[in-house]
Amino acid sequence: HSAPMPSSRLPSDTCIGTVRLKVRDLGAETAFYRDVLGFSVVAEGDDSVALGVEHGPPLLVLLSRPKGVPPPPGSTGLFHVAFLLPGREDLGALIRRVGERGGSFDGFSDHHVSEAAYLRDPEGNGLELYADRPRERWRAPDGRMLLTTGPLDVHGLLDAAGDPATALPSGTAVGHIHLRVSTLEAAEAFYVGRLGFDVVTRDYPGALFVSAGGYHHHVGLNVWGGVGAPRPPDDSLGLASFDLVVPSDEARSRLVGRMGEGDVLDLDDHRIRVVRAHDHPPSP
């Protein structure tokens, strides 16, 4: 069930940019990201707050939707947004900070390519905090990506870190985004066949991982909530959109030529903005 190859693959330095979430309680959500996780408020509007590293681009924009409703269980939408930290010491320091500030984790995993901790914000949006291992260790001798799940050495991470983080470290980025979709076939046709990502692995039952430039994954796609999952109602909280950052005007023009001007919608109505690297990130 391989997707047709598009006229061009995404450039190797494509990445995920700003993620926008619709939240009911802007104040409480902002306080969590700022006080527990160490994000800085980098811009503020009447009904939005942009968060990131001090003096850096917004990684996350919270959009106030006080009348929004939680997405129904089993619907498509955000599985998690994953924040990539510069090193394992940074990850250990952030895990320690979250613990000392009253946060709690859903779990920890060693994915071979990375070390990861999972948690939720106060409104239930899934978050991953992770650090990559060196790229030369990612693949097996036969070239397969060794994207696995095993127990994480949390104590080793905490020992590497020492003190808790005082703030989110400079160089933190949105490493990937993981989405709940209705079918993997439709998701592959869109993300691989139309957008131009490459398939990284099909080794996880009910999931597909895709990337550009040989990264272990920029987008995760799963049907773990059930094949044929419905879209959430329009007034649902959760994912509003995310940016796909390409390196040049030419790359953006090529992609827009294939997809059409404006925001791109995948088959489950996940909204994607295609932006150029020097425009990244746009204002909230």
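Located above this text is the structure these notes cover.
(A) Main features of the environment of Pro169. Along the chain, Pro169 falls in the loop between α3 (154-161) and β9 (173-180). Residue Pro169 is classed as buried on the basis of its relative accessible area of 16%. The spatial distance from the C-alpha of Pro169 to the C-alpha of Asp142 is 35 Å, given a sequence separation of 27 residues.

(B) Expanded view of helix α5 (residues 249-259). What α5 keeps buried is the set Ala251, Leu255, Val256 and Met259. Buried residues of α5, viewed axially, fall in a sector of 125°; they line one side. Turned more than 90 degrees away from the buried face of α5, the exposed residues are Glu250 and Gly257. If you follow the buried residues of α5, they end up packed against α4 (184-194), β13 (238-246), β14 (264-265) and β15 (271-276).

(C) Inspection of the nonpolar core at higher detail. In this structure, Tyr33 and Tyr191 are the most contacted members of the largest nonpolar core, which totals 62 residues. The greatest single-element share of this core, amounting to 5 residues, is contributed by α4. Tyr33 has contacts with Leu21, Gly38, Phe39, Leu51, Leu60, Leu62, Asp121 and Leu127, leaving out every residue within four places of it along the chain. Of all hydrophobic cores here, the second largest spans 14 residues; its members include Leu84, Ala116, Trp138 and Met145.

(D) Focus on the environment of Val69. One can find Val69 in the loop between β4 (58-64) and β5 (77-85). For the pair Val69 and Asp235, spaced 166 residues apart in sequence, the C-alpha separation works out to 6.3 Å.

(E) The arrangement of helix α1 (residues 26-36) in detail. Looking only at α1, the buried set comprises Leu26, Glu29, Thr30, Phe32, Tyr33 and Val36. With a side-chain oxygen lying 3.3 Å from the backbone nitrogen of Gly27, the N-terminal cap of α1 falls on Asp25. After α1 finishes, the residue Gly38 shows a positive phi value of roughly 90°.

Rules and cut-offs
Residues numbered from 1 in each chain as written. Predicted model: local features only at pLDDT ≥ 70, side-chain atom pairs only at ≥ 80, totals over all residues. Heavy atoms only, no water. Helix = DSSP H or I, 4+ residues; strand = E, 2+ residues; numbered from the N terminus. Buried < 20%, exposed > 50% of the residue type's maximum accessible area, 1.4 Å probe, protein only. Arc of directions from axis to C-beta. Contact = heavy atoms within 4.5 Å. Core = buried A, V, L, I, M, F, W, Y, C linked by side-chain atoms within 4.5 Å. Polar contact = N/O pair within 3.5 Å; in protein donor to acceptor, adjacent residues only side chain to side chain.

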